[in-house]
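Given next are the chains, with one letter for each unit.
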Amino acid sequence: MSSQPAGHPAAGSAPETGGAGMTMTQKILARKAGLPHVTAGQLVEVDLDLVLGNDVTTPPAIEVFRATGKTRVFDPAKVVLVPDHFTPNKDIKSAEQCRKMRLFAQEQDLSNYHEAGEPEMGVEHVILPDNGLVMPGDAIIGADSHTCTYGALGAFATGVGSTDMACGMATGRCWLKIPGAIRVRLSGAPRGFVTGKDVVLDLIGRIGVDGALYRSLEYTGPGVAALTMEERLTIANMAIEAGAKNGIFPVDDRTLAYLREVAPERLARGEGWIVEPDADASYDETLDIDLSRVPLTVAFPHLPSNTRPVDLAGAVPVDQVVIGSCTNGRMEDMRLAARILSGRRVSKSVRCIVIPGSQRVYARCLEEGLLSIFVAAGALVSAPTCGPCLGGHMGILADGERCVSTTNRNFVGRMGHTGSEVYLAGVPVAAASAVAGRIAAPEEIGIEAPADLRAEWLGTAGPERA
Ligand code: SF4
């Protein structure tokens, strides 16, 4: 049984010996490999349910695909291409990259090419779950680090390079080393404006950017039920920032409610496989996190693990705030941002850029009047794109500038000049910082979280919720 380490209110950890059973991840991979049992470290080849690529990683993957001699992808419904990093095309080079993807998608009759209009455009890890492309028990590879996002739905999902993406497109299979696992046992419920982003930043702050290296982060415990689907997507999204192979949540009533909304026909056809870990599953370690004790958290430059409670951030002036990305660009994030910005003005010293994560999120913001709130507050609203998250466009930082961002990486030069600084935070802190002109909690600009805030979030399940 674990114990609380001194000095950290929210979490404790304990090494485990474990049994011969399998974790959630191992059970999915065993099934996809056609094996009755797998163990950590074993090399397997698995059948894939989806292969994903974006405008940075797909063009080189197309070259490798051609070099395999294959002329058709393994399944045109299971190769998903999403131009999102430098789109709408920021320059001629990015336009050519997208053109190459578009022509390949047309040649291969891909039903899931997401550039404009239908099916949908936006940031890949926002649109795949929200368009019902991810089901529990799936095995998914994507040529993008944050493919791990889909673990929120009880799937195995991990990032690969363009070469593995190409082989996946050609064969529908991928080789993998079976990961060991860290069990993250959640209890309690987050308080006030604390969200899943704070939970995962706090976790990474504890274990470090290599704390889960080539292992799964498997979430469990009664605290899972206290997290919305959006929060689970945010937490799974940042598994890679702890070095994890994947992050994965159990499927519960909230997951099923979300799937009923985004994938009703697939659910009705009985698609998906709900997996639970064996009772004697082997975990390298168990971390206990009391969600009620997680503080509003900020990751200082230049690592996601360089965290501290916002109360201890000190007076850090801010030049830019970005609210969006595959980490925090969903409806819940937009509504939170609007709650903070409504009736207030962004500081004159701050550029505040709000980026709905998909066209669907954008449209919903429009319907709900959130875009008007953002504009009235003095924020800029962008078309869905990764844009500033990777220093692409739509908000590049100059030398010496500081940005509070709801994205997932704050490495040197991630959002612009190598002399700039990125502070990672959840939406409430980011929006409050935009108003204050410095890193700030909502309470510092006079906003208290309503007592029923979490109950309000938990009352509904998915992207179309009212
Ligand atoms: Fe990557 Fe950022 Fe785009 Fe997410 S929003 S896929 S982290 S570039």
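Heads up: the structure comes first, above all this text.
So, here is what we can say about the structure in this document. Everything numeric in this text was worked out from a predicted model, so none of it was measured. (Residues numbered from 1 in each chain as written. Predicted model: local features only at pLDDT ≥ 70, side-chain atom pairs only at ≥ 80, totals over all residues. Heavy atoms only, no water.)

Those residues of helix 8 (residues 253-262) lying buried are Arg254, Thr255, Tyr258, Leu259 and Val262. For helix 8, the arc enclosing every buried residue in end-on projection is 135 degrees, short of the 170-degree limit, so these residues lie on one face. Along helix 8, the residues that are exposed and aim more than 90 degrees away from the buried face are Asp253 and Arg260. Residues of helix 8 that are buried sit in contact with helix 4 (124-130), helix 7 (229-237), helix 9 (264-268) and helix 15 (453-458). (Buried < 20%, exposed > 50% of the residue type's maximum accessible area, 1.4 Å probe, protein only. Helix = DSSP H or I, 4+ residues; strand = E, 2+ residues; numbered from the N terminus. Arc of directions from axis to C-beta. Contact = heavy atoms within 4.5 Å.)

Moving on, we come to the site of the ligand. Around the ligand, the structure places 13 residues, and the nearest of them are His146, Cys326, Cys386, Cys389 and Asn408. Here the residues of the shell around the ligand are counted per class, giving five nonpolar, five polar and three charged. (Near = heavy atom within 4 Å. Nonpolar A, V, L, I, M, F, W, Y, C, P; charged D, E, K, R; others polar.)

Following the criterion strictly, the structure yields 25 salt bridges and no others. Here Arg99 makes a salt bridge to Glu96, at a shortest N to O gap of 3.8 Å. With Arg99 and Glu96 both in helix 3 (residues 92-107) and three residues apart, this pair spans about one turn of that helix. You can call Arg99 partly exposed: its relative accessible area is 45%. (Salt bridge = Lys/Arg side-chain N within 4 Å of Asp/Glu carboxyl O.)

Counting through the fold element by element, Glu276 comes out in the loop between helix 9 and strand 12 (285-290). When neighbours within four sequence positions are excluded, Glu276 is seen to be in contact with Met24 and Lys27.

With that settled, consider the nonpolar core. Within the largest apolar cluster, 83 residues are counted, with the highest numbers of intra-cluster contacts made by Leu186, Leu217, Val321, Ile323, Phe374 and Ile439. Ignoring anything within four residues of it in the chain, the contact list for Ile439 reads Val298, Val310, Ala313, Gly314, Val316, Val318, Val404, Tyr423 and Ser433. (Core = buried A, V, L, I, M, F, W, Y, C linked by side-chain atoms within 4.5 Å.)

With that settled, the discussion passes to helix 3. Compared with an ideal rise of 1.5 Å per residue, which puts 16 residues at 22 Å, helix 3 spans 22 Å between its outermost C-alpha atoms and is within 8% of the ideal. Structurally, the start of helix 3 carries an N-cap: the backbone nitrogen of Lys93 is 3.3 Å from a side-chain oxygen of Asp91. Downstream of helix 3 by a residue or two, Asp109 has a phi angle that is positive, lying close to 55 degrees. (Expected span 1.5 Å × (residues − 1). Polar contact = N/O pair within 3.5 Å; in protein donor to acceptor, adjacent residues only side chain to side chain.)

Further remarks concern the packing of helix 6 (residues 196-207) against helix 7. For the pair helix 6 and helix 7, the least separation of the axes is 8 Å and the interaxial angle reads 25 degrees. Classified by the angle their axes make, helix 6 and helix 7 are roughly parallel. Helix 7 is crossed by helix 6, and the crossing has right-handed handedness. Contacts between helix 6 and helix 7 involve Gly196, Lys197, Val199 and Val200 from the first element and Glu231, Thr234 and Ile235 from the second. Taken together, the residues that form the contact of helix 6 with helix 7 break down as three nonpolar, two polar and two charged. (Axes fitted to C-alpha atoms, helices over the stretch in contact; angles between N-to-C directions. Parallel < 35°, antiparallel > 145°, perpendicular 65-115°, else oblique. Left-handed = near helix turned anticlockwise from the far one by under 90°.)

With that settled, consider the sheet that holds strand 3 (residues 50-54). Across the sheet, five strands lie side by side as 5-4-3-6-7; this open sheet has parallel pairing. A single partner strand is all that each edge strand has here, and the edge strands are strand 5 (112-113) and strand 7 (156-159). Across three bridges, strand 3 lies against strand 6 (residues 139-142) in parallel orientation. What sits directly across from Val51, in strand 6, is Ile141. (Pairing = 2+ DSSP bridges.)

Moving on: the side chain of Glu115. Mapped onto the secondary structure, Glu115 falls in the loop between strand 5 and helix 4. On the basis of relative accessibility, which here comes to 17%, the residue Glu115 falls in the buried class. If near-sequence neighbours (up to four positions away) are discounted, Glu115 is found in contact with Pro83, Cys98, Arg102 and Met121.

Quick look at the side chain of Thr57 now. Mapping Thr57 onto the fold places it in the loop between strand 3 and helix 2 (58-67). Look past the residues within four positions of Thr57 in its chain and what remains in contact with it is Ala143, Ser162 and Met165.

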